[in-house]
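Structure assessment
The lines below spell out each chain.
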Amino acid sequence: MSDRTELALRAKELDAADALAGLRDRFVLDQGVYLDGNSLGALPAHVPDRMRDVLTRQWGELRIRSWDESGWWTAPERIGDRIAPLIGAGPGQVVVGDSTSVNVYKALVAAVRMAGEGRTEILVDATTFPTDGYIANSAARMTGCTLRALTPAEIPAALGPRTAAVLLNHVDYRTGRLHDLPALTAAVHDAGALVVWDLCHSAGALPVGLDAHGVDLAVGCTYKYLNGGPGSPAYLYVRSDLQDRFDSPLPGWNSHAEPFGMNPEYTPVPGARRGRVGTPDILSMLALEAALEVWDGVSVDAVRAKSLTLTDFFLECVAAYTEPGRVECVTPLRHEERGSQVALRCADAGDVMKRLIDRGVVGDFRHPDVLRFGFTPLYVGFADAERAARVLGEVLA
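Residues numbered from 1 in each chain as written. Predicted model: local features only at pLDDT ≥ 70, side-chain atom pairs only at ≥ 80, totals over all residues. Heavy atoms only, no water.

Here we come to helix H5 (residues 100–115). The first and last C-alpha atoms of H5 sit 22 Å apart over 16 residues, in line with the 22 Å expected at 1.5 Å per residue. Of all 16 residues that make up H5, 13 are buried, and the element is covered over most of its length. (Helix = DSSP H or I, 4+ residues; strand = E, 2+ residues; numbered from the N terminus. Expected span 1.5 Å × (residues − 1). Buried < 20%, exposed > 50% of the residue type's maximum accessible area, 1.4 Å probe, protein only.)

Here is the structure:
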């Protein structure tokens, strides 16, 4: 039996045994292989009908009444409570709104303000998504702090009495490396500082455990593994015991204790709602709320187990279908260090990805030489993984 036949049969058997396989029907997909859910998740099938109601009835008929009658005003915290279990948070600690970048700014500046006098240094993940670095630089200038960029492995040794806050990425967006959130959080706390985690590439793909590990603040987007749609609003997590000290650098009328009092003095609302700023983007907000229903009855632990099996199988297929040395895996092989993507280094990666997309296998390219494949277990199966690796081998040959 050839490698191709054997792997195709194994893929069929794995799909038949997959308890999550039926979730694929909850999404709008074609006959291709979509491995770019780590950039933009697929459309949940019921969202268009829900949005027709939002547009025609809630906006079209009820108009301004929908702020109360359709629950528009409470959407940021209501949807935050829908996201909370997916990141290991209890209710009342997550609020939805603004972009990830804006929420990074709020969280990082607030963390420095909570850290207290004498703490004048911010540490940032040097390998993080560039915007986080830009925001950290601006936050440092605003708060009078110095900024040091270090790899996550270098962070523990760099912590000290001057450290105010540390901004870290849970999963590296290029390589898919999963960083040790429990250990790094504990190290930051031992130094008396606060930690802000960026969960963009982990929420919806693996357990996070914010409450269990005592994380101070966290942010993340919703358009990747949470499938909220292009540009869907981000979220901000503020641990419950820090909420009365959370001093946002962007106070707005939506986070005022009396938002319709129109008082010139700002008095923040209690709880995570003080992370709100201005009028929420209701259309995107309600599309996200509908999209999150695909998670009903789904265990994040089961998603993680499938993710690891999927990526293991994909790597096995890549090894079987490609010539030795043609691609190099830069994603860690150890499960405890791997997110839900596989990154392969390839000399002509940009051209290779274009050819893969032409043949119905959609991943993405990261400069200068990385092929990136995101595995969303809610709708990606083992036959998809086998086909993607087989087409990759044919393209490279």
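What follows deals with the pattern of salt bridges. Charged atoms that come close allow side chains of opposite charge to pair. In the structure shown here, the tally under the stated rule is 29 salt bridges. Across the salt bridge formed by Asp216 and Arg239, the nearest N and O atoms sit 2.7 Å from each other. Residue Asp216 is found in the loop between strand S8 (194–198) and strand S9 (217–220), and its partner Arg239 is found in the loop between strand S10 (235–238) and helix H9 (282–291); the two are separated by 23 residues along the sequence. Ionic pairing is found between Arg345 and Glu328, a salt bridge with its closest N-O pair at 3.6 Å. Of this pair, Arg345 sits in strand S12 (residues 341–345) while Glu328 sits in strand S11 (residues 328–329), placing them 17 residues apart in sequence. Overall, Glu328 belongs to the partly exposed group, its relative accessible area being 43%. Bridged by salt links that share partners, the residues Arg177, Arg334, Glu336 and Glu337 form one connected network. (Salt bridge = Lys/Arg side-chain N within 4 Å of Asp/Glu carboxyl O.)

A regular strand carries its side chains on alternate faces of the sheet. Within strand S15 (residues 370–374), five of the five residues are buried, which leaves it mostly tucked inside the rest of the structure. Burial along S15 is two-sided: Val370, Arg372 and Gly374 facing one way and Leu371 and Phe373 facing the other are all buried. By the bridge criterion, five bridges tie S12 to S15 in an arrangement that is antiparallel. In the sheet register, Leu344 faces S15, and the bridge partner there is Leu371. In terms of strand pairing, strand S14 (residues 364–366) meets S15 through three bridges, oriented antiparallel. Bridged to Arg366 within S15 is Val370. Once S14 ends, the chain turns through three residues before running back antiparallel as S15. (Pairing = 2+ DSSP bridges.)

Throughout the structure, instances matching the rule amount to 11 aromatic pairs. Seen from their ring centres, Trp67 and Trp73 are 6.2 Å apart, and the 65° between their planes marks the pair as edge-to-face. With a relative accessible area of 22%, Trp67 lands in the partly exposed category. Judged by relative accessible area, which is 18%, Trp73 ranks as buried. Across the ring face of Tyr321, the terminal group of Arg4 is positioned such that the distance to the ring centre comes to 6.0 Å. Between the NZ or CZ atom of Arg276 and the centre of the ring of Trp73, over which it lies, the distance is 4.9 Å. (Phe/Tyr/Trp six-rings, centres within 6.5 Å; stacked < 30°, edge-to-face > 60°. Lys NZ or Arg CZ within 6 Å of the ring centre and 35° of its normal.)

Purely geometric stuff here, so don't read any function into it on its own.
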